[in-house]
Amino acid sequence: MATIKLEIVSPDKVVYSADISMLIVRSTGGELGILPKHAPLVTGLVPHAMRVRLGSDRDEQLIAVAGGFMEVTPDKITVLATAAEQPIDIDINRAKDAMARAKARLNEFHQGTAEAKNIDVERAQLAMQRAMARLRATKTEFQE
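What counts as what
Residues numbered from 1 in each chain as written. Predicted model: local features only at pLDDT ≥ 70, side-chain atom pairs only at ≥ 80, totals over all residues. Heavy atoms only, no water. Helix = DSSP H or I, 4+ residues; strand = E, 2+ residues; numbered from the N terminus. Buried < 20%, exposed > 50% of the residue type's maximum accessible area, 1.4 Å probe, protein only. Expected span 1.5 Å × (residues − 1). Arc of directions from axis to C-beta. Contact = heavy atoms within 4.5 Å. Polar contact = N/O pair within 3.5 Å; in protein donor to acceptor, adjacent residues only side chain to side chain. Pairing = 2+ DSSP bridges. Patch = residues over 30% accessible without salt bridge, like charges linked within 9 Å, V, L, I, M, F, W, Y side chains within 5 Å. Areas by Shrake-Rupley, 256 points an atom, 1.4 Å probe, with all protein chains shown as cover. Salt bridge = Lys/Arg side-chain N within 4 Å of Asp/Glu carboxyl O. Lys, Arg positive; Asp, Glu negative; His and termini not counted. Charge placed at Lys NZ, Arg CZ, Asp CG, Glu CD. pLDDT = per-residue confidence, 0-100.

J.: Please provide a residue-by-residue account of the overall build of the protein, values included.
T.: Along the backbone of the protein there are two helices and 10 strands. In sequence order, the protein lays out its α and β elements as β-β-β-β-β-β-β-β-β-β-α-α. On the principal axes, the C-alpha backbone points of the protein span a range of 60 × 25 × 25 Å. Within the span of the protein, comprising 144 residues, buried residues form 42% of the whole.

J.: So what's going on with helix α1 (residues 92-111)? Which residues, and what values?
T.: Helical geometry note: an α-helix holds 3.6 residues per turn, so side chains three or four residues apart project in the same direction. Taking 1.5 Å per residue as the helical rise, α1 with its 20 residues ought to reach 28 Å, and the 28 Å between its terminal C-alpha atoms agrees with that figure. Those residues of α1 not exposed but buried are Ala95, Ala98, Met99, Ala102 and Leu106. Along the axis of α1, the buried residues cluster in a sector spanning 100°; they form a single face. Across from the buried face of α1, at angles greater than 90 degrees, the exposed residues are Asn93, Arg94 and Gln111. Looking at the buried side of α1, the elements it contacts are α2 (121-137). Between the side-chain oxygen at the start of α1 and the backbone nitrogen of Asn93 there is a gap of 3.2 Å, and the oxygen is on Asp91. Directly beyond the C-terminal end of α1, a positive phi value near 70° is found at Gly112.

J.: Please give an account of the pairing of strand β8 (residues 68-73) that cites residues and values.
T.: A one-sided burial pattern is seen for β8, the buried positions being Gly68, Met70 and Val72 and the unburied ones Phe69, Glu71 and Thr73. Sheet analysis places strand β5 (residues 41-45) next to β8, joined by five bridges and oriented antiparallel. The residue bridging Leu41 from the neighbouring strand is Val72, located in β8. Where β8 lies against strand β9 (residues 76-81), six bridges are found, and the strand directions are antiparallel. Note on β9: the bridge partner recorded for Phe69 is Leu80. Hairpin geometry of β8 and β9 is characterised by an intervening segment of two residues between the two adjacent antiparallel strands.

J.: Can you lay out a positive patch on the surface for me, pointing to particular residues and giving the numbers?
T.: A cluster of like positive charges, contributed by Arg94, Arg101, Arg105, Arg123 and Arg130, occupies part of the molecular surface. Counting residues per element, the ones that place at least two in the positive patch are α1 and α2. Considering each element in turn, the positive patch owes the most residues, three residues, to α1. Overall, Arg105 belongs to the partly exposed group, its relative accessible area being 39%.

J.: Provide a residue-level description of the confidence of the model for the protein, including the pertinent values.
T.: Mean pLDDT over the protein: 92, with 98% of residues reaching 70 or higher. Between the elements of the protein, mean pLDDT differs from a low of 90, seen in α1, to a high of 98, seen in β9.

J.: Hey, could you go over α2 for me, with residue numbers and the actual values?
T.: With 17 residues, α2 extends 24 Å from end C-alpha to end C-alpha; this agrees with the ideal 24 Å at 1.5 Å per step. All buried positions along α2 are accounted for by Val121, Ala124, Ala127, Met128, Ala131, Met132, Ala133, Arg134, Leu135 and Ala137. Phi turns positive, to about 60°, at Lys139, one or two residues after α2.

Now the structure itself:
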């Protein structure tokens, strides 16, 4: 079975490095599936839980990324992530708290309270997307 080398790098460490059969990611242009011998590609990534297929039996691993860039060559995928975590490294309670804080900020903004004018909506939305990616990577249920 054909494989492709995947390397996920964050600013402080190599988060993941292995030969895989397929990578499914959410890019700034939509969802992509990368197989061995893929055409060269460079794209931005949005916060999500990447799906790493390890073999033909559809064994899959999830890795949370907070955004970044991906470069694909026919024999290697390099993900340069602003932050990335494997499920074992994710603090589920911290991710739930972050999501609750982001939801509260967005609700405050939509209700138009006096404090709402000081809320950075884009920052709150990104915080919520990062928290959702972390929870999805751990297969933790949550309400959007």
